[in-house]
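Structural characterization, general
Given next are the chains, with one letter for each unit.
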Amino acid sequence: MELTDLYRDVILDHNRKPRNFGPLAPADASVEGLNPLCGDRLTLRLRMDGDRIAEIRFEGQGCAISTASASLMTEAVKGRTRAEAQALFDGVHRLLTDDAAPSEGLGKLAALSGVREYPARVKCASLCWHTLASALHCSGRAASVSTE
Ligand code: ZN
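Okay, so let's go over this structure. Nothing here was measured: the structure is a model prediction, and the numbers come from that model.

**Some thoughts on helix α3 (residues 82–97)**
- In this model, α3 (16 residues) spans 22 Å end to end at C-alpha, consistent with the 22 Å of a helix rising 1.5 Å per residue.
- Buried within α3 are the following residues: Ala85, Leu88, Phe89, Gly91, Val92, Leu95 and Leu96. The buried side chains of α3 occupy one side of the element, clustering within an arc of 165 degrees when seen end-on.

What follows is the structure, encoded as structure tokens:
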């Protein structure tokens, strides 16, 4: 099987059966993301355990790439620290914008490298990551008013 076929299968699978899809309550942060170019819309919610993402779920409607990307992202960042999530974000950003081969450690996120063949769709794939960055920022502020 060609690598590109494998990547396509991962995207199709995560679009058909999105992981971590649905509501999350209570949540430490809830952020809506919108990609007006395509009409992708998602709400990302997460619950922190200290510096770690304990739970992360998303809801919304979007194209296959935005849904698959959000599904892959939630799987990849669950249980990670803020810094680890940021490192994955950077890795995915390079994947979507450079010709570089997927770096090790990206795991299934490497499937998103196929998206760079379609520059108009890069925003579909990166929407959830920008939403995550914003959500991590929100929960950081919430944590700063904690009495602990
Ligand atoms: Zn889209």
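**Side note on the coordination of the zinc ion**
- Listed as protein donors to the zinc ion are Cys38 (SG), Asp40 (OD), Asp40 (OD), Cys63 (SG) and Cys124 (SG); their distances from the metal cover 2.2 to 2.6 Å.
- Sequence spacing among the residues donating to the zinc ion works out to C-x1-D-x22-C-x60-C. Here Cys38, found in the loop between β1 (29–35) and β2 (40–49), pairs with Cys124, found in helix α4 (residues 122–144); they are 86 residues apart in sequence, far enough to count as distant.
- Relative accessible area serves as the criterion here: at 1%, Cys124 is assigned to the buried category.

**With respect to the pairing of β2**
- Inspection of the sheet shows β1 paired to β2 by seven bridges, in the antiparallel sense. The partner of Leu34 across the bridge, within β2, is Arg41.
- Taken together, β1 and the strand that follows it, β2, pair antiparallel across an intervening segment of four residues, in which Gly39 is found at a positive phi of about 90 degrees.
- By the bridge criterion, nine bridges tie β2 to strand β3 (residues 52–61) in an arrangement that is antiparallel. Across the sheet, residue Thr43 finds its bridge partner in β3, namely Glu59.
- Once β2 ends, the chain turns through two residues before running back antiparallel as β3, passing Gly50 with a positive phi of about 65 degrees.

**Regarding the packing of aromatic side chains**
- Scanning the entire structure with this criterion turns up two aromatic pairs.
- Seen in terms of ring centroids, Phe21 and Phe58 are 5.1 Å apart; in terms of plane orientation they differ by 90 degrees. Their pairing is edge-to-face. With a gap of 37 residues between them, Phe21 in the loop between α1 (3–16) and β1 and Phe58 in strand β3 connect regions that are remote in the sequence.
- On the basis of relative accessibility, which here comes to 37%, the residue Phe21 falls in the partly exposed class.
- Look at Phe58 and you get buried, because its relative accessible area is 3%.

Conventions and cut-offs
- Residues numbered from 1 in each chain as written.
- Predicted model: local features only at pLDDT ≥ 70, side-chain atom pairs only at ≥ 80, totals over all residues.
- Heavy atoms only, no water.
- Helix = DSSP H or I, 4+ residues; strand = E, 2+ residues; numbered from the N terminus.
- Expected span 1.5 Å × (residues − 1).
- Buried < 20%, exposed > 50% of the residue type's maximum accessible area, 1.4 Å probe, protein only.
- Arc of directions from axis to C-beta.
- Donors = N, O, S within 2.8 Å, 3.2 Å for Na, K, Ca; no water.
- Pairing = 2+ DSSP bridges.
- Phe/Tyr/Trp six-rings, centres within 6.5 Å; stacked < 30°, edge-to-face > 60°.

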